[in-house]
Amino acid sequence: MMSKKEEVLETLLDVINNIKKTGFTRDSVEPDFYLGGDLGVDSKEMLEIWYELEQRLNIRVQDAEKRDLYTLDEVINLLESKLVPVAAAL
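Residue positions within a chain follow its written sequence, with the count starting from 1. Note on the predicted model: pLDDT of at least 70 is required for a residue's local features to be given, and 80 or more for side-chain atom pairs to be given and counted; whole-chain, interface and lining totals, by contrast, use all residues. To obtain the side-chain values, all non-hydrogen atoms of the structure were used and water was disregarded.

### Let's talk about the packing of helix 1 (residues 4-20) against helix 2 (residues 43-57)
Piece 1. Under this scheme, a helix contributes an axis fitted over its contacting stretch, all axes are lines through C-alpha atoms, and angles between N-to-C directions fall in the 0 to 180 degree range. Numbering goes from the N terminus for both helices and strands, where a helix is a DSSP run of H or I of at least four residues and a strand is a run of E of at least two. In contact at an axis separation of 10 Å, helix 1 and helix 2 are set at 135 degrees when each is read in the N-to-C sense. With respect to helix 2, the axis of helix 1 lies oblique. As helix 1 runs across helix 2, the sense of the crossing is right-handed. Where helix 1 abuts helix 2, its residues Thr11, Leu12, Asp14, Val15, Ile16, Asn18, Ile19 and Lys20 lie against Glu45, Glu48, Ile49, Glu52, Leu53, Arg56 and Leu57. Note on angle classes: values under 35 degrees are labelled roughly parallel, values over 145 roughly antiparallel, values of 65 to 115 roughly perpendicular, and the remainder oblique. Should the near helix be turned anticlockwise from the far one by less than a right angle, the crossing is termed left-handed; should it be turned clockwise, right-handed. Contact criterion: two residues are considered in contact whenever any of their non-hydrogen atoms come within 4.5 Å of each other.

### Side note on the pattern of salt bridges
Piece 1. Whenever a carboxyl oxygen of Asp or Glu lies within 4 Å of a side-chain nitrogen of Lys or Arg, that contact is scored as a salt bridge. Applying the stated criterion across every chain, the model contains 12 salt bridges.
Piece 2. A salt bridge links Arg56 to Asp14, with the shortest nitrogen-to-oxygen separation between them at 2.5 Å. Linking Arg56 in helix 2 with Asp14 in helix 1, this pair joins segments that are 42 residues apart in sequence.
Piece 3. Judged by relative accessible area, Asp14 falls into the partly exposed class, the value being 33%.
Piece 4. Among the ionic pairs, Glu45 bridges to Lys20, the shortest N-O distance being 3.1 Å. Linking Glu45 in helix 2 with Lys20 in helix 1, this pair joins segments that are 25 residues apart in sequence.
Piece 5. Overlapping salt bridges bring together Glu54, Arg60, Asp63 and Lys66 as one network. Each residue gets one of three labels from its accessible area relative to the maximum for its type: buried under 20%, exposed over 50%, partly exposed in between, using a 1.4 Å probe on protein chains only.

### Examining helix 1
Piece 1. With 17 residues, helix 1 should cover 24 Å at 1.5 Å per step; its first-to-last C-alpha distance of 24 Å lies within 8% of that length.
Piece 2. Those residues of helix 1 that sit buried are Val8, Leu9, Thr11, Leu12, Leu13, Val15, Ile16 and Asn17.
Piece 3. Two residues or fewer past helix 1, Lys21 is found with a positive phi of approximately 60 degrees. A helix is expected to reach a length of 1.5 Å times the quantity of its residues less one.

### A short note on helix 4 (residues 72-82)
Piece 1. All of the buried residues along helix 4 are Leu72, Val75, Ile76, Leu78 and Leu79. An end-on view of helix 4 places all buried positions within 165 degrees of arc, on one side of the element.
Piece 2. Residues of helix 4 that are buried make contact with helix 1, helix 2 and helix 3 (63-66). In this description, the arc belongs to the directions extending from the helix axis to the C-beta atoms.

### Notes on the environment of Glu30
Piece 1. Note on placement: Glu30 falls in the loop between helix 1 and helix 2.
Piece 2. Residue classification places Glu30 among the partly exposed residues on the basis of a relative accessible area of 42%.
Piece 3. Here the alpha-carbon distance between Glu30 and Leu72, two residues 42 residues apart in the chain, equals 7.7 Å.

Next up, the structure:
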């Protein structure tokens, strides 16, 4: 079974792949990969990616929280912190 972090990474890569028409997988990326430098995501695409992530994960991320996030790991950690633990939702 995948960890929450792995699930978030899968979702993030799926969204990036859909928007950028790329084929990134968990095996082809590293947590410290830069969204811009390593994955080639530009600022306009990042807006689309954030929107899609918020829809899929049913979360809300404030614009101020999105600033200064440059790597996959930084984005995953923020997304993970926004997810409500399943036990708490019951």
